[in-house]
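# Structural features, examined
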Amino acid sequence: SICWQPYGSKEKVRVLLRDCALSLVLFKHNAILQSNSPNKIFDALAAGNAVLVNIPGWVQELVDEHQCGYYIPRKGPGQFRALVQTLLANPAQLGKAQTAARALAEQQFAVNELCAKVGSTRKLQIIHICVQYLVNLSLILSISIVYAI
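Numbering of residues begins from 1 in every chain and follows the order in which that chain's sequence is written. Given that the model is predicted, a residue must reach a pLDDT of at least 70 before its local features are reported, and side-chain atom pairs must reach 80 or more before they are shown or counted; all residues, however, enter totals for whole chains, interfaces and linings. The basis for every side-chain value is the complete set of heavy atoms in the structure, and neither hydrogens nor water enter the calculation.

### Thoughts on the overall build of the chain
From N to C terminus, the chain includes eight helices and three strands. Each helix corresponds to a stretch of at least 4 residues labelled H or I by DSSP, and each strand to a stretch of at least 2 residues labelled E; elements are numbered beginning at the N terminus. Overall, the chain shows an N-to-C arrangement of helices and strands of α-β-α-β-α-β-α-α-α-α-α. Burial statistics for the chain: of 149 residues in total, 34% are counted as buried. The contacts of the chain with a sequence gap of at least 6 include a subset with a gap of at least 24, amounting to 54%. Accessible surface area values rest on a Shrake-Rupley calculation with a 1.4 Å probe, where residue burial reflects the displayed protein chains alone. As displayed, the chain has an accessible area near 9100 Å², and 57% of this comes from carbon and sulfur atoms. Think of it in three bands: with a 1.4 Å probe and only protein chains considered, a residue is buried below 20% of the maximum accessible area for its type, exposed above 50%, and partly exposed in between. In what follows, a contact means two residues having at least one pair of non-hydrogen atoms within 4.5 Å.

### Some points on helix α2 (residues 39-46)
Within α2, six of the eight residues are buried, leaving the element largely enclosed by the surrounding structure. Here α2 has its buried residues at Ile41, Phe42, Asp43, Ala44, Leu45 and Ala46. On its buried face, α2 sits against α1 (10-18), β1 (22-25), β2 (50-53), α3 (58-66) and α5 (91-108). Following α2 by one or two positions, Gly48 has its phi on the positive side, about 75°.

### Let's talk about a nonpolar patch on the surface
For patch building, the residue pool is restricted to those with more than 30% relative accessible area and no salt bridge; the joining distance is 9 Å between like charges and 5 Å between nonpolar side chains (Val, Leu, Ile, Met, Phe, Trp, Tyr). Salt bridge criterion: a side-chain nitrogen from Lys or Arg within 4 Å of a carboxyl oxygen from Asp or Glu. The grouping of Leu24, Leu26 and Phe80 at the surface amounts to a nonpolar patch, some 230 Å² of accessible area in total. Looking at the secondary structure, you find Leu26 in the loop between β1 and α2.

### Quick notes on the sheet that holds strand β3 (residues 69-71)
Strands qualify as paired when DSSP identifies two bridges or more between them. Taken together, the three strands give an open sheet; going across it, the order is β1-β2-β3, and neighbouring strands pair in parallel fashion. The strands lining the two open edges of the sheet, one partner per strand, are β1 and β3. Each strand of the sheet is rotated relative to its neighbour by a mean of 15°, with strand direction disregarded. Note that β1 and β2 share four bridges and pair parallel. If you follow Ser23 over to β2, its bridge partner there is Val51. For helices, the fitted line uses only the C-alpha atoms of the stretch in contact; every axis is such a line through C-alpha atoms, and the angle between N-to-C directions lies from 0 to 180 degrees.

### Observations concerning the packing of helix α4 (residues 77-89) against α5
Direction vectors running N to C along α4 and α5 enclose 100°, while the axes themselves pass 5 Å from each other. As judged from the angle between their axes, α4 and α5 are roughly perpendicular. In this structure, α4 uses Thr86, Leu87, Leu88 and Ala89 to contact α5, whose residues at the interface are Pro91, Gln93 and Leu94. Classes in brief: Ala, Val, Leu, Ile, Met, Phe, Trp, Tyr, Cys and Pro nonpolar; Asp, Glu, Lys and Arg charged; the others, Gly included, polar. When grouped by side-chain class, the residues that make up the contact of α4 with α5 number five nonpolar, two polar and no charged. Should an angle lie under 35 degrees it is considered roughly parallel, over 145 roughly antiparallel, and from 65 to 115 roughly perpendicular; all remaining angles are considered oblique.

The values reported here are purely geometric and, on their own, carry no functional implication.
As structure tokens, this is what we get:
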């Protein structure tokens, strides 16, 4: 079932994602958005949600490569319906994508992995403080945020 929620805190998002099986990461089709780094993808992966994306780009490639979700083009409502029917009929397929999502979060976007990619001690101290705050919320820090610090 789909349940629309009003805007909420990051903690509320974490709690809601914990109870979800599939997170939709949907964007208007605009070429610039193919290179964005949406926080909701990292939140979904951290929660172990399979991810459905609707725009091509690095996020689609990540989802495809790690088999942690699905790509449905914007003009593919029939494909979306077929995917949902397939997942309802075969929950093991969804379970594999969920397991892959959580594994990807732990392997590539965990605190230690992100800190290792930055390298500098000062940056690591700043990042550690920010990451501790995010860890308390059970969220994963995206690489784009790390480099912005």
